[in-house]
Amino acid sequence: MEFLAFLVRRVLWSLLVLVGLSIVIFAIARIVPGDPARMALGPTATAEQVADLRADLGLDRPIVEQYGRFIAGLARGDLGRSLLNERPVASDIRDTFAATFELVLFTIMLAFAFGVPLGVAAARWKDRWPDNLVRVFAIFCAVTPGFFLALLLQILAGYVLHILPTTGRLPPSMDFAADITGLVTIDGLLRGRLDVVLEGLRYLLLPSIALAAATMGQIARITRSSMIDVASQDYIEASRAFGVPERVRVFKYMLRPSFVPPLTIMGLEFASLIGNAFVVELVFAWPGMAAYGIRTILQKDLNAIMGVVMVSGVFFVLVNLLIDVLVGFVDPRVRIRGRRA
Amino acid sequence: MTEIPADNSPRRLSNAYQNWYRFSRNPTAVIGAAIVVIVILAAILAPWITPYPEHVGAVVNFRARHLPPSAEYWFGTDNVGRDIFTRTIFGLRISLLLALVVLGTAVPVGTVLGLLAGYFGGWVEIVIMRITDIALAIPPLVMALAVAAVLSPDLINSMLAIAALWWTWHTRLIYSITRQIRTQEFIEAAETLGASKFHILIREILPNCVSALAVKTSLDCGFVILVGASLSFLGLGIQPPTPDLGTMVASGSAFLPDSWWESVLPGCAILVVALGFNLLGDGLRDLFDVQEVR
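We now turn to the structure provided with this report.

Rules behind the numbers
Residues numbered from 1 in each chain as written. Chains lettered and ligands numbered in written order. Predicted model: local features only at pLDDT ≥ 70, side-chain atom pairs only at ≥ 80, totals over all residues. Heavy atoms only, no water. Salt bridge = Lys/Arg side-chain N within 4 Å of Asp/Glu carboxyl O. Buried < 20%, exposed > 50% of the residue type's maximum accessible area, 1.4 Å probe, protein only. Helix = DSSP H or I, 4+ residues; strand = E, 2+ residues; numbered from the N terminus. Contact = heavy atoms within 4.5 Å. Buried area = accessible area lost by both parts, 1.4 Å probe. Polar contact = N/O pair within 3.5 Å; in protein donor to acceptor, adjacent residues only side chain to side chain. Expected span 1.5 Å × (residues − 1). Bend = angle between axes of the 7 residues up to and from the residue.

1. A word on the pattern of salt bridges
Residue and element names in this part refer to chain A.
- Applying the stated criterion across every chain, the model contains 17 salt bridges over all chains.
- Between aspartate 78 and arginine 76 there is a salt bridge, and its shortest N-O distance comes to 3.7 Å.
- Residue classification places aspartate 78 among the partly exposed residues on the basis of a relative accessible area of 34%.
- The closest approach of N and O atoms between arginine 135 and aspartate 131, which form a salt bridge, is 3.9 Å. Taken together, the residues arginine 135 and aspartate 131, both in helix α6 (residues 129–143) and 4 residues apart, mark about one turn of the helix.
- Each of Asp131, Arg135 and Arg224 takes part in a single network of salt bridges with overlapping partners.

And the structure:
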């Protein structure tokens, strides 16, 4: 029950953040100097054409009414139409989001799969060579610009070693439409096409390494420091005194509480991960939402830009909600503290 | 009551000396500090220490196109024959300026909001912290991209867009520290003695945040520079021919893998700058023993 109340409150907060987010995005789009209609039509359009488009888009209505329409649209999953080609923004984003989601999902798995063990190893051999090695590696991962790592990986794996594909999601020769979930690897599994799954993973590998490095570095650093914190707690000392085997002590009693800080950091870092996805997708010609976002931003397609920023924000809020639930599962103290706060 | 010594500078000196001693025994911190100092000096002295200062402009020298690194051109030359080493050093100026402007606005704003939210609580806390939550949900790079595209792609707009979101991190940090020390005895003592709110915030609480702020700001310098480089890599930073590291990586990547130096060496420069600020921040964290900053 406690947990349910914690969840409900958390969901309500998230809704509030989303409302705030929609106001911020709407305000930016309307306060921006310059006329969205003029921007879309270009300098050669006549004043009448611009006025027509303004009326079409509802830009001549009072600002509150415009916001009301924006919100009503959002609630229906309608993000308006592209100012350039009239296509519904929501369906464009839906088409591209699956690719981004697959990339981000794989990235997070990589970041945890490597970050946590590295952090544990560093803490276990604190101030010895494995620790120093992990710390240097982690800091390099954290400070390498995503686009630069992407380029380096492309040169190394694509041009020098010729082992991995450097652009796209699947080989052009492969005829496969991911039409169940939109995720190539999952759909491949569902359709029993093992060749598609393997190719999909091969194409995923480089972009997700480029994207995962920064997060992985942070996770390794946080895991290390929280393992060290936990190691100095009395109950660990007690378990040592009772002769609990080291493996049990490290993996059962130390790792679980140490898991919370990396999870929380993952939630906060998620915004910069989405930001990085913009450059990584561009370098690897990954057909995702970020690549779509870059295109619309360069074309000054205001409705599409608002849509991309809004969906990025919603994605962030949902991931953080999920992480809070996970933290509640890993650390029961959070559920109780959550109730009191 | 015993007489208070009029001059306690010898003890302060030894404190500073102790700090310096501990700092200097930490090799990574010293490397970080050295990188930061060298980078800042190089950026300031760029016109005097670079071999071809005239190459920052739209110089064209087709006989020297795509030359690999050599004694004459340390980092090689780009597609119009300009010295990449010179342009890299000048590019540091833009990166550092970005960090200075973004953090110069974000740190004071974030600190004030964090102090207010942490000390006063109640609706002040609710309003400030919920706005912080909203701002945290927008990726700074995406925001900067959108603003730079809708207005015009120049450095000022990008800086403002990044700064408009970056204060959230400092607010959260100062807020959590303020919350912790708000209930401590020395604050209660000051309140009982009738100290003003302003005095308590600025003279009692703020000094306890300084070391955490220093660590966070140092780490952030590196990350702001990374965001700025990503932005200009996408063509939305400062416009050519002014040298900018992200732009150089982007334009050099057209000539990969043959002319690798054109993108790889400016990319390494970004990495080294970010590394320097991070090592320095880590060193300061060990020195001040600040747990709050991660």
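2. Brief notes about the interface of chain A and chain B
- Across the boundary between the two partners, chain A contributes 50 residues, which contact 44 residues of chain B.
- Together, the buried faces of chain A and chain B total about 4,000 Å²; carbon and sulfur atoms form 82% of this surface.
- When the buried area of chain A at its contact with chain B is split by residue, Val143(A), Phe147(A) and Phe148(A) rank highest and sum to 15% of it.
- The closest approach of N and O atoms between Asp282(B) and Arg221(A), which form a salt bridge, is 2.8 Å.
- Summed over the shared surface of chain A and chain B, the result is 1 residue pair in polar contact (both at pLDDT 80 or more).
- Of all the secondary-structure elements, those providing two or more residues to the side of chain A that touches chain B are α1 (2–31), α6, α7 (146–160), α9 (194–231), α12 (260–283), α13 (289–298) and α14 (302–330) of chain A.
- Sort the elements by how many residues they give to the side of chain A that touches chain B and α12(A) lands first, with 11 residues.

3. Some thoughts on helix α9 (residues 197–233) of chain B
All names here are of chain B.
- When the terminal C-alpha atoms of α9 are compared, their 46 Å separation across 37 residues is substantially less than the 54 Å that a helix rising 1.5 Å per residue should span.
- The sharpest bend along α9 reaches about 50° and sits at leucine 206, with the proline proline 207 one to four residues further on.
- Just past α9, the residue glycine 235 takes up positive phi, approximately 85°.

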